[in-house]
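Breakdown of the fold
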Amino acid sequence: VSGNLKATAIAHPNIALVKYWGKRDEELVLPHQSSLSITLAPLQVTTTVQFGAKGEEVELNGRPAQGRERERVLETIRRVRGLAKLPGGVRVASTGNFPPSAGLASSAAAFAALSVAARAAAGLAFDVRASSILARLGSGSAARSIQGGTCLWRRGRRRDGTDSFAEQVFDAEHWPDLRLLAVVLEAGEKETGSREGMKRSVETSPFYSAWAADAEAEVPRAIERIRDRDLAALGQIAERNAWRMHAVAMSSDPALCYFAPATLGLVSALAKARNTGLAAWFTLDAGPNPFILTDLRHQGDAGRLAREHGAREVTTCKPGGDARLSEEHLF
Ligand code: PMV
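Here we summarise the structure given alongside this text. Model, not experiment: these values are computed from the prediction.

1. Observations concerning the packing of helix α1 (residues 67-81) against helix α2 (residues 106-121)
- For the pair α1 and α2, the least separation of the axes is 10 Å and the interaxial angle reads 30 degrees. By the criterion of interaxial angle, the relationship of α1 to α2 is roughly parallel. For the pair α1 and α2, the crossing hand works out as right-handed. Where α1 approaches α2, its residues Arg72, Val73, Thr76, Ile77 and Val80 are matched on the opposing element by Phe111, Leu114, Ser115, Ala118 and Arg119.
- The residue makeup of the contact of α1 with α2, split by class, is six nonpolar, two polar and two charged.

Shown next, in the form of structure tokens:
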């Protein structure tokens, strides 16, 4: 793989149960609080990187990348160039098996796959910490997609960010019956991206510091619930953390409301269905499409409920594995 300066990596996205919302350092992508996530199979992004190509070519889902998107990919490539003496240009191609703008955390999988592929193409040894930090610099949540199962991104304390990376807490086999349903209520780009949204929350929400302290304290509790495979207790933490993140977003100025009417409809229906025995809880990132946290036994009923409440598409995910190298290059 390292001989021809070309490598391909596959990474899954992840869904945070204790969310990351707010940076203490914009440049280095350092968070105010730790976060905890589950890596999601079968959703995945495959990325091939080749150094020594002519020019700088970046292709995402079959189309040349433009503007800021292209620039962010090349920033990651430049960071790897800084670590190894590499010839000439670069060619990058990336493709996902799910729609990039449906709020399914595609940037996390994309920057994780890019980081692992770029390091391998440059002949650097696989290293969880270095890959997680490299992915973090591309997109914070990508730090948590280098490994499978349950991943903890510790906020770290150092100014240079060398202690701010994610590591696996439990592998994908720890809880094989856990299910995460990706529910698409509305397709299309989100109005205010997470980068800009969380910045506004840090700068303007009077509740920001309370959010950060609370999220930090929720992480060890969530880890305990996952260790015990206690779905109801974990669901409760995931929901309240999502509500609190969105409370901070809504209390920003101007306010940020990521809930669509259909999101609220589904979330209320879910709470009602729990009273009649449905073991299912929601979480929501910076967009209108929730994930439903449930298990093998309840995934059918939870999926039906989502469809009855406007879901156009429901993708059933389970805990996925580590980001990994592949011999099947995209070019
Ligand atoms: O790193 P970003 O820009 O993808 O931010 C992710 C923010 C949330 O998805 C809302 C929460 C999270 O921890 O993934």
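2. Looking at the environment of Ala233
- Summarising the element assignment, Ala233 is placed in helix α6 (residues 231-250).
- Residue Ala233 is classed as buried on the basis of its relative accessible area, which comes to 15%.
- Between the C-alpha atoms of Ala233 and Ala222, which are 11 residues apart in sequence, the distance is 8.3 Å.

3. Overview of helix α3 (residues 128-138)
- Across the 11 residues that make up α3, a large majority, eight, are buried.
- When α3 is considered as a whole, its buried residues turn out to be Ser131, Ser132, Ile133, Leu134, Ala135, Arg136, Leu137 and Gly138.
- Contacts made by the buried residues of α3 are with β4 (30-31), α1, α2, β10 (150-153), β11 (166-170) and α4 (194-204).
- For α3, the side-chain oxygen to backbone nitrogen distance between the N-cap and Arg129 is 3.0 Å, and the N-cap itself is Asp127.

4. Quick look at the pattern of salt bridges
- Enumeration according to the criterion identifies 15 salt bridges in this entry.
- Glu71 is the salt-bridge partner of Arg78, the closest N and O atoms lying 3.0 Å from each other.
- Given a relative accessible area of 39%, Arg78 falls into the partly exposed group.
- A salt bridge links Arg244 to Glu218, with the nearest nitrogen and oxygen atoms 3.7 Å apart. With Arg244 in helix α6 and Glu218 in helix α5 (residues 208-227), this pair connects stretches of sequence that are 26 residues apart.
- Where salt bridges share partners, they join Asp214, Glu218, Arg221, Arg240 and Arg244 into one cluster.

5. A look at the nonpolar core
- Core analysis: the largest hydrophobic core is formed by 78 residues, its most contacted members being Trp21, Val49, Phe51, Leu180 and Leu293.
- Core analysis: the second largest hydrophobic core is formed by 20 residues, Leu278, Leu284, Ala306 and Ala311 among them.

6. Points about the site of the ligand
- Inspection of the region around the ligand gives 14 residues, with Tyr20, Gly140, Ser141, Arg144 and Ser194 positioned closest.
- Between the ligand and Tyr20, the relevant distance is 2.8 Å, taken from an oxygen atom to a main-chain nitrogen or oxygen of the residue.
- In the model, an oxygen atom of the ligand is placed 2.8 Å from a nitrogen or oxygen of the Arg144 side chain.
- Taken by itself the ligand offers 380 Å² of open surface, and the protein chains cover 91% of this.

7. Side note on the packing of aromatic side chains
- Counted according to the given criterion, the structure contains four aromatic pairs.
- Directly above the aromatic system of Phe331 lies the positively charged group of Arg91, at a separation of 4.0 Å from the ring centroid.

8. Re the side chain of Asn289
- Among the structural elements, Asn289 can be located in the loop between β13 (281-283) and β14 (291-295).
- Polar contacts involving the side chain of Asn289 include one to the main-chain amide nitrogen of Leu185, which spans 2.7 Å.

Cut-offs applied
Residues numbered from 1 in each chain as written. Predicted model: local features only at pLDDT ≥ 70, side-chain atom pairs only at ≥ 80, totals over all residues. Heavy atoms only, no water. Axes fitted to C-alpha atoms, helices over the stretch in contact; angles between N-to-C directions. Helix = DSSP H or I, 4+ residues; strand = E, 2+ residues; numbered from the N terminus. Parallel < 35°, antiparallel > 145°, perpendicular 65-115°, else oblique. Left-handed = near helix turned anticlockwise from the far one by under 90°. Contact = heavy atoms within 4.5 Å. Nonpolar A, V, L, I, M, F, W, Y, C, P; charged D, E, K, R; others polar. Buried < 20%, exposed > 50% of the residue type's maximum accessible area, 1.4 Å probe, protein only. Polar contact = N/O pair within 3.5 Å; in protein donor to acceptor, adjacent residues only side chain to side chain. Salt bridge = Lys/Arg side-chain N within 4 Å of Asp/Glu carboxyl O. Core = buried A, V, L, I, M, F, W, Y, C linked by side-chain atoms within 4.5 Å. Near = heavy atom within 4 Å. Areas by Shrake-Rupley, 256 points an atom, 1.4 Å probe, with all protein chains shown as cover. Phe/Tyr/Trp six-rings, centres within 6.5 Å; stacked < 30°, edge-to-face > 60°. Lys NZ or Arg CZ within 6 Å of the ring centre and 35° of its normal.

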